[in-house]
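Examining the three-dimensional arrangement
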Amino acid sequence: MTHMTLEFKESLEERCHQILRNMEASLTARDRVGIQDFVLLDAYTSECAFLDNLRKRFHENIIYTYIGTLLVSVNPYKVLDIYSKKQMDTYMGVNFFELPPHIYALADNVFRTMQSEFNNHFILISGESGAGKTEASKKILQYYAVSCPSTKLLNNVRDRLLLSNPVLEAFGNAKTLKNDNSSRFGKYMDIQFDHQGGAVGGHILSYLLEKSRVVHQNHGERNFHIFYQLVEGGEEELLRWLGLERNCKNYRYLVQGDCAKVSSINDKSDWRTVQKALSVIDFSGNDTENLFGIIASVLHLGNIQFKADSRGYATLNNNKEMHWVSKLLGIPNQVLQQGLTHRKIEAKTEEVFSPFSVDHAVYARDALAKAIYGRTFNWLVNKINESLANKDSSRKTVIGLLDIYGFEVFSINSFEQFCINYCNEKLQQLFIQLTLKSEQEEYEMEGIEWEPVPYFNNKIICDLVEEKFRGIISLLDEECLRPGEASDLTFLEKMEEKIGGHPHFVTHKLADKSTRKTLERGDFRLLHYAGEVTYCVVGFLDKNNDLLYRNGKEVMRQSKNSIIQHCFPASEPDSKKRPETVVTQFKNSLVGLTEILMSKEPWYVRCIKPNEAKQPGQFDDVLVRHQIKYLGLMEHLRVRRAGFAYRRKYYIFLQRYKPLCPETWPNWKGTAAEGVKCLIKHLGYRPDEYKMGRTKIFIRHPRTLFATEDAFQVCKHKLATTIQAKYKGYRVKGDYLKQKEAATKIENCWRGLMARKECERRAWAVKVIKKFIKGFMTRNQPACVDNSEYLAYVRQSYLTRLRDNLPKTVLEKDSWLTPPPLIQEASQILKKVYIRHMVHKYVRGITSQRKAQLLLKEQTSSMFKGKKESYPSSVCRPFVDTRIALGDINIKILQMIQHEHIKYSVPVVKYDRNGFRPRLRQLIFTQEAAYLVEEAKIKQRIDYTSLKGVSVSNLSDSFLILHVTCEDIRQKGDLVLQCDYLFEALTKLSIIADKQNCIQVVQGSVRFDIQPGREGFVDFKSGQESMVYRAKNGHLMVVSLELI
Ligand SMILES: Nc1ncnc2c1ncn2[C@@H]1O[C@H](COP(=O)(O)OP(=O)(O)O)[C@@H](O)[C@H]1O
Ligand SMILES: [Mg+2]
């Protein structure tokens, strides 16, 4: 923080230097362009020096000069290139004195002060007619329109604010001798800003429109612009519809000044601007139609003329104009005619119409025209206000712009000038109060050493005009209201009587000789603060009364034109109750205005008119010196020089600048005054730069304040960044903590959930295990609650295991999983079913060949299984169709037996019946018989019918004995054979010969017939070695290998 304030201190000094450098730079050029702030004038009490400086600058086209924060502006009467967008940008956000004086600098300062202090301000623009007030107010408005923050909505408001101007000027401005675009009404405009500085709305107050201009203009002057704009610029069709001709000379209300055309005014293009503006500020087609209907009807009304009939009463002689007024205002012709030529008088019980004289009729006509125009103007202002209104109720700050008619002196001055100059008198009084008087009073109050500056206080003139009972206004009202014959002259006499001795009032009668020469009999002269003005009393009473005959209003109430209906409401009290006189209304409105202004911070623009000829480059010393004097500029300068540029209550000052000093930031514990002392000590203010009052600090030079302000701006941003960073940090931390808390919460919940689940799971497991154990313990009891689940589990688990371990083939059937006792029966059934299933599957999978083979094997099995020792080892040896291919059988043999169909052939060893010699032979089975063949010889044919039986041993030998029926001795006997394919050959034989039952397996020995009647034996036994030999007993001994 200390580091930061050090930096500020440095930048504060740097800023001070920079400002000084800028000021010095302008000082070096002062010989040529003069000085830019009169406060720096050496001879600050000299009017000549003041005038010289102003003139010097004027000739260099530098029209703006400051007196402190007051801006003096001299009308250049030529277009200067100082109002561009670039210029606006240059002045945006830059302090006074850092750039040459400019209306933009003032506007910008007002805006920024409003923004930072959040209070209301007004800019009082004063100066005599033609000095440049209206232009200045427009420049300020334009500056805000460009420089304020904008959005689409705000742009809308901005456009309306800007465009309300040309409309109001068209209807309220006119060419006068002093100014080609003179405002003939007073205007106070509030611009409302939201807290971000955006222009969000506006409100306009208008003051006393110079209505008399509608019916009468002095030579060289014009009526209100709008009439000329309509006639010159209006489209053909519109004019036709309004019954107008494009020639101003045709209208009485436009020709009296004899200067309808003015070179500085382009009515045609102004007309277009107004048209466009009307559409932007929410005027409907109907509104504009009605509005121009009214303008046209005023012109027609002006052309209505009266003629005296034989009795001297007014009659209408121009029915055409009458017709147009009646059409445009929507009032029946008859009613209108009656209203213009008769006056309604109320006798006790009845109403009587009394005819007008021609003069009266003209007067009533003009009164009506003025009333219509005046009220329409008020309607217009209200309408614009509606379109500018900001509907949002949040608090706004405002900048008020007061552009009111300037002090005016013509060769003949009437009631209007009296009002206008009175208004200026009041504003001067306000200025005095707000600056000179209050400033000096403040120094006194605050106990600041001070040498009072004498100044002329115009309160005496204000009192002369407005004092109750004795003031001119009171006297005028009195004359207007009193019964009896009152006239302008009786009014003059009354003034002479009541205020004759007043130093600021003189009349022909009261004047000394030399003065009397300058006064007419009907004149009175006021010594205004701004100079002498001679008023001609003629018309004062009339204008003040502003009487519209009662039936005039009634006629208007019948109008179909909606604006007229609005302007002449039925609710308006009629003439029985007198309305307030014009001057009293005006006085009251000025009191209202003063109140509005007093509640705001004042800023001033003083406009000066360099010459009466509206010429560029001409600087009329006498004229300007006069204005300097009456505008009180010298007094203002003296007060400024002696005084202080800036003052603020201690607490406000401290509140704003306390960040610039570590001791006062963020909070000062002591009193505000002590805080400020500490603060400025830290900032290094020199003793001559400031004074400490009772409640306020007074700073002598603006530059000191600006440097402080600049330092504050820098500091503000840094503080904002720090605060922002801290706040963001705080927010982020908050978010983080919240997230963390949330995460922990979620974690806790989740963990809780998981733990509960785990606990449930365990509880369930315990239950299951318990049940399991109990089930296990009671597994052998009959099914009950305790073991049912266990048993089911056992069953299921066995079945599941069984499913995974089923035997793969039929042969593995012994690998069937051993079932628990509980499921034994089911297991058996399952096993059976499953084996059947496998068998079924196996069977379905075997070929027909293999099937035939198996059938054979089955045959073999039925004959030998369990009977012969070598049978099991033969099972796996497949059978074949034949053991001897046809080609290996002798051809002769084939020829002999082929017709019997050879079914099977096998090599055998035949043992001779006598001696048992072994011989290799072929054994062939045909369909009919078995043949024993040696080469080409059939050794023996055994018809199947004669085959009695076949014997084989029960041992592992491969002998077979074929027993044949032998009746004939020549026939060969039984055959003893040895065949390696014993089972195959016998199976084939049993099938071919259909001899299944005649094959016998015998033990020990076999008897056989060598030939009928002669028997032999073959003995079988098993031993260590297989042998075949003839035993001593003559039997054939067959020893077969003992199989274990
Ligand atoms: N800043 C200016 N630059 C150029 N011409 C100006 C300027 N101010 C005033 N004028 C000229 O002077 C005329 C009168 O100014 P205006 O503002 O209407 O006077 P006021 O409102 O004080 O009676 C304007 O029409 C314009 O021609
Ligand atoms: Mg003006």
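Scroll up to find the structure.
Residues numbered from 1 in each chain as written. Chains lettered and ligands numbered in written order. Predicted model: local features only at pLDDT ≥ 70, side-chain atom pairs only at ≥ 80, totals over all residues. Heavy atoms only, no water.

Looking now at the overall build of the protein. Each helix and strand counted, the protein has 36 helices and 31 strands in total. Here the protein has a C-alpha radius of gyration of 70 Å; the compact-globule value for 1044 residues is 31 Å, and the former is much larger. Taking the principal axes of its C-alpha atoms as reference, the protein extends roughly 215 × 85 × 65 Å. Counting the 1044 residues in the protein, one finds 50% classified as buried. Looking at the protein alone, contacts between residues at least 24 apart form 64% of all its contacts between residues at least 6 apart. Counting every atom, the protein has about 52,100 Å² of accessible surface; 53% of that belongs to carbon and sulfur. (Helix = DSSP H or I, 4+ residues; strand = E, 2+ residues; numbered from the N terminus. Rg over C-alpha atoms; globule rule 2.2 N^0.38 Å. Buried < 20%, exposed > 50% of the residue type's maximum accessible area, 1.4 Å probe, protein only. Contact = heavy atoms within 4.5 Å. Areas by Shrake-Rupley, 256 points an atom, 1.4 Å probe, with all protein chains shown as cover.)

Another point: the pattern of salt bridges. Opposite charge on two side chains makes pairing possible when the charged atoms of those side chains draw close. Across all of its chains, the model carries 54 salt bridges by this definition. Close ionic contact of Arg 55 with Asp 52 constitutes a salt bridge, the shortest N to O distance being 3.1 Å. Remark: Asp 52 and Arg 55 occur in helix H3 (residues 47–59); sequence separation between them is three residues, near one turn of the helix. Judged by relative accessible area, which is 35%, Asp 52 ranks as partly exposed. Arg 184 is the salt-bridge partner of Glu 210, the closest N and O atoms lying 2.8 Å from each other. Pair noted here: Glu 210 is in the loop between strand E7 (199–207) and helix H8 (212–215) and Arg 184 is in the loop between strand E5 (182–183) and strand E6 (186–193), with a separation of 26 residues, a long-range link. On the basis of relative accessibility, which here comes to 8%, the residue Glu 210 falls in the buried class. Overall, Arg 184 belongs to the buried group, its relative accessible area being 1%. (Salt bridge = Lys/Arg side-chain N within 4 Å of Asp/Glu carboxyl O.)

Before going further, it helps to spend a moment on the side chain of Thr 65. Tracing the sequence through the fold places Thr 65 in strand E1 (residues 64–67). Looking at Thr 65, the relative accessible area reads 0%, which means it is buried. Of the polar contacts made by the side chain of Thr 65, one reaches the side chain of Arg 57; its length is 2.9 Å. Not counting residues within four places of it along the chain, the set of residues in contact with Thr 65 comprises Ile 35, Gln 36, Asp 37, Phe 38, Asn 53, Leu 54, Arg 57, Leu 70, Leu 71, Val 72 and Pro 101. (Polar contact = N/O pair within 3.5 Å; in protein donor to acceptor, adjacent residues only side chain to side chain.)

Close to ligand 1 lie 16 residues, the nearest being Asn 75, Gly 130, Lys 133, Thr 134 and Asn 179. A distance of 3.0 Å separates an oxygen atom of ligand 1 from a polar backbone atom of Gly 132. A distance of 3.5 Å separates an oxygen atom of ligand 1 from a polar backbone atom of Asn 181. Protein chains shield 84% of the accessible area of ligand 1, which is 550 Å² for the free molecule. Broken down by class, the residue content of the shell around ligand 1 amounts to five nonpolar, seven polar and four charged. (Near = heavy atom within 4 Å. Nonpolar A, V, L, I, M, F, W, Y, C, P; charged D, E, K, R; others polar.)

The four strands lie next to each other as E28-E29-E31-E30, forming an open sheet whose pairing is mixed. Both edges of this open sheet fall to strand E28 (1005–1011) and strand E30 (1027–1030), since each of them pairs with a single strand only. Strand-to-strand, the axes of this sheet are offset by a mean angle of 20 degrees, without reference to chain direction. (Pairing = 2+ DSSP bridges. Axes fitted to C-alpha atoms, helices over the stretch in contact; angles between N-to-C directions.)

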